[in-house]
Amino acid sequence: MATANVPPLPKPESSLSFTQGLLLGQLSIVLLLGAFIKFFIFGDPPSADVTASIRATERRSRTLAHKRSLLSLRSTTPSSTQNRTLQKKRSSVLRNPPPLTTNTILSKTYYNVDAHQPESLDWFNVLIAQTIAQFRSDAQHDDAILTSLTKALNSNSRPDFLDEIKITELSLGEDFPIFSNCRVIPVDEDGLVLGDVRKGGKAGEREHGRLQARMDVDLADFITLALETKLLLNYPKPLVAILPVALAVSVVRFSGTLSISFVPGTAGNATTLAFSFLDDYRLDLSIRSLVGSRSRLQDVPKIAQLVEQRLHMWFDERCVEPRFQQIELPSLWPRKKNTRGGEEGVGVERESLGRSKGKEVQRDLREEARREVEAEQRAKVESERIEAEGLRWRRRARGEEYAMPGAMPGGLSMT
């Protein structure tokens, strides 16, 4: 009888049990979480020099890209600066002098932009220092800057996961910025520097341009703003968790190149002062943080990096070339209402002082009036007391002050 060939049974493959796989998965998650906390949150940040170099390279690349885009647009679109100049409405009464160009201004002021040496700004530093000192003095006696900052921080743009932001410290510093190395250069309507004549540049390019003053600025101080708030976790339901956060940001040093120029006004528009910083600036910050209520995390490096990056972005988007700030200038024509000094200007000065000081002056006047009224009342009481004292002494001298027991006033005396 033939026996059938029975295939051998397959050997059971070696596999991890469910418990071993679960433990291995949890261990992997713990290791990944630990590595994330160690290298991402508590990792050592790059040095300040390396970070500043990387940011400067990025800003420089953005500036060069902007200039290339402007040059490409000019190659396809003809310039209309001269046409706009000719379209301005001229007066029929005033004498029409020759067109005032950049070269004319430079020649009449004896300023050679190609050979003039940079100038110091000692007088300008003194004026700026006086202005900043007055601003700091006013801030000590008025909460206007504190109220404005609190209102700005708690505006509608505040995220929903942040509680009310409170300012715990505000320091406006003690030193002053130093401006130096000022030079005047011709630029075109877009702010691009026109070529040097000694290096092959064309003098005719400056006819319809404008002049720009560039100066170096350096500030080494400790300007601090400290805040405290709470992080709110609103998922899956509102206020699931609350995490207190304290943050202090200090400006340690700022250095860069400031550019200032006047933008001529057109029909219906006033002349403006435009200023911006070149992309070679450096801003050093000191950021301290405190997270948590019981077991607190102090000076988390990643928080400092995020805050510093955000502040640099805020500054770049507002006043770093190619962006700039414009301030409308008032009319410089002499007017009676702007006159100060002299006997006739005393009333105007008082009126101007009342508008500028406002509540502080009114409060001082009320306090002075109250003190005068109190002084008059004290003088009146003292006068009445002295008069009564004198009357009493006169009666004592005449023997009228003391009367016999039982005697009536004005009664006849017994003989």
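Refer to the preceding data block for the structure.
Residues numbered from 1 in each chain as written. Predicted model: local features only at pLDDT ≥ 70, side-chain atom pairs only at ≥ 80, totals over all residues. Heavy atoms only, no water.

**Q** I would appreciate a short explanation of the overall build of the chain in the present structure.
**A** Within the chain, the regular secondary structure consists of 9 helices and 8 strands. Relative to its 415 residues, the chain shows a buried fraction of 20%. Restricting to contacts in the chain with at least 6 residues of sequence separation, those with at least 24 account for 71%. About 32,100 Å² of surface is accessible on the chain, with carbon and sulfur atoms providing 59% of the total. (Helix = DSSP H or I, 4+ residues; strand = E, 2+ residues; numbered from the N terminus. Buried < 20%, exposed > 50% of the residue type's maximum accessible area, 1.4 Å probe, protein only. Contact = heavy atoms within 4.5 Å. Areas by Shrake-Rupley, 256 points an atom, 1.4 Å probe, with all protein chains shown as cover.)

**Q** Can you help me understand the pattern of salt bridges in this one?
**A** A side chain with one charge can pair with a side chain of the opposite charge if their charged atoms come near. Evaluated as defined, the whole model comprises 7 salt bridges. As a salt-bridge pair, R55 and E308 come within 3.5 Å of each other at their nearest N and O atoms. With R55 in helix α2 (residues 48-76) and E308 in helix α7 (residues 301-319), this pair connects stretches of sequence that are 253 residues apart. For the residue pair R55 and E308, the accessibility class agrees, reading buried in each case. (Salt bridge = Lys/Arg side-chain N within 4 Å of Asp/Glu carboxyl O.)

**Q** Looking at this structure, how should I read unusual backbone geometry?
**A** A negative phi angle characterises most non-glycine residues, just as the trans form characterises most peptide bonds. Omega for the bond connecting E321 with P322 falls within 30 degrees of zero, at 10 degrees, which places this linkage in the cis form. Within the secondary structure, P322 is located in the loop between α7 and β8 (325-328). Despite not being glycine, N181 has its phi angle at roughly 55 degrees, a positive value. Relative to the elements of secondary structure, N181 occurs in strand β2 (residues 178-187). Given a relative accessible area of 29%, N181 falls into the partly exposed group.

**Q** What exactly am I supposed to notice about the packing of aromatic side chains here?
**A** By convention here, two paired aromatic rings are described through the distance between centres and the angle between planes. Summed over the entire model, instances satisfying the criterion amount to 7 aromatic pairs. Ring centres 5.3 Å apart and planes at 85 degrees place the aromatic pair F254 and F277 in the edge-to-face group. On the criterion of sequence distance, the pair formed by F254 in strand β4 (residues 241-263) and F277 in strand β5 (residues 272-277) is long-range, its members being 23 residues apart. Assigned by exposure class, F254 and F277 land together as buried. With a centroid separation of 5.9 Å and an interplanar angle of 80 degrees, the aromatic rings of F254 and F315 are classed as edge-to-face. In this pair, F254 is assigned in strand β4 and F315 in helix α7, connecting sequence segments 61 residues apart. (Phe/Tyr/Trp six-rings, centres within 6.5 Å; stacked < 30°, edge-to-face > 60°.)

**Q** Just to check I follow, could you spell out the side chain of D221 for this structure?
**A** Summarising the element assignment, D221 is placed in strand β3 (residues 210-233). Only 2.9 Å separates the side chain of D221 from the backbone nitrogen of D175, close enough to count as a polar contact. Once residues lying within four places of it in the same chain are set aside, the contact partners of D221 are R136, G173, E174, D175, V251 and V252. (Polar contact = N/O pair within 3.5 Å; in protein donor to acceptor, adjacent residues only side chain to side chain.)

**Q** What is the right way to look at the nonpolar core in this model?
**A** Soluble globular proteins tend to bury their nonpolar side chains together. Counting 19 residues, the largest nonpolar core has F179, M215, F254, F277, Y281, I287 and F315 as the members making the most contacts within it. Where this core is concerned, the elements lending two or more residues are β2, β3, β4, β6 (282-291) and α7. It is α7 that contributes the most residues to this core, 4 residues altogether. With sequence-adjacent residues up to four places away left out, F277 is seen in contact with V217, F254, T257, L258, F315, C319, V320 and E321. (Core = buried A, V, L, I, M, F, W, Y, C linked by side-chain atoms within 4.5 Å.)

**Q** Would you explain the environment of T63 in this entry?
**A** Structurally, T63 can be placed in helix α2. For T63 and E321, which are 258 residues apart along the polypeptide, the C-alpha to C-alpha distance reads 7.0 Å. If near-sequence neighbours (up to four positions away) are discounted, T63 is found in contact with D279 and E321.

**Q** I tried to follow a nonpolar patch on the surface on my own but got confused; where do I start?
**A** Taken together, the side chains of L24, L27 and L31 make up a nonpolar region of the molecular surface, amounting to roughly 300 Å² of accessible area. Owing to a relative accessible area of 48%, L24 belongs among the partly exposed residues under this scheme. (Patch = residues over 30% accessible without salt bridge, like charges linked within 9 Å, V, L, I, M, F, W, Y side chains within 5 Å.)

**Q** I'm lost on α7 in this one. Help?
**A** Every α-helical turn comprises 3.6 residues, leaving residues that sit three or four positions apart pointing alike. Taking 1.5 Å of rise per residue, 19 residues should cover 27 Å, and α7 covers 27 Å from first to last C-alpha, within 8% of that figure. Within α7, the full set of buried residues consists of P301, A304, V307, E308, H312, F315, D316 and C319. (Expected span 1.5 Å × (residues − 1).)

**Q** It is not clear to me how the pairing of β5 should be interpreted in this structure. Could you clarify?
**A** It is a general feature of regular strands that their side chains alternate between the two faces of the sheet. Pairing analysis gives 6 bridges linking β4 to β5, with the strands arranged antiparallel. Each bridged residue has a counterpart across the sheet, and for F262 the counterpart in β5 is L273. (Pairing = 2+ DSSP bridges.)

**Q** What exactly am I supposed to notice about the pairing of β6 here?
**A** The alternating pattern of β6 places L283, L285, I287, S289 and V291 on a buried face, while none of R282, D284, S286, R288 and L290, on the opposite face, is buried. Here 10 bridges tie β4 to β6, and the two strands are oriented antiparallel to one another. Pairing of V245 across the sheet is with V291, part of β6. Of the pairings in the sheet, the one linking β6 to strand β7 (residues 297-298) comprises 2 bridges and is antiparallel in character. Its bridge partner being in β7, L290 is matched across the sheet by Q298. Adjacent in sequence and paired antiparallel, β6 and β7 are bridged by 5 residues, among which G292 carries a positive phi angle near 110 degrees.

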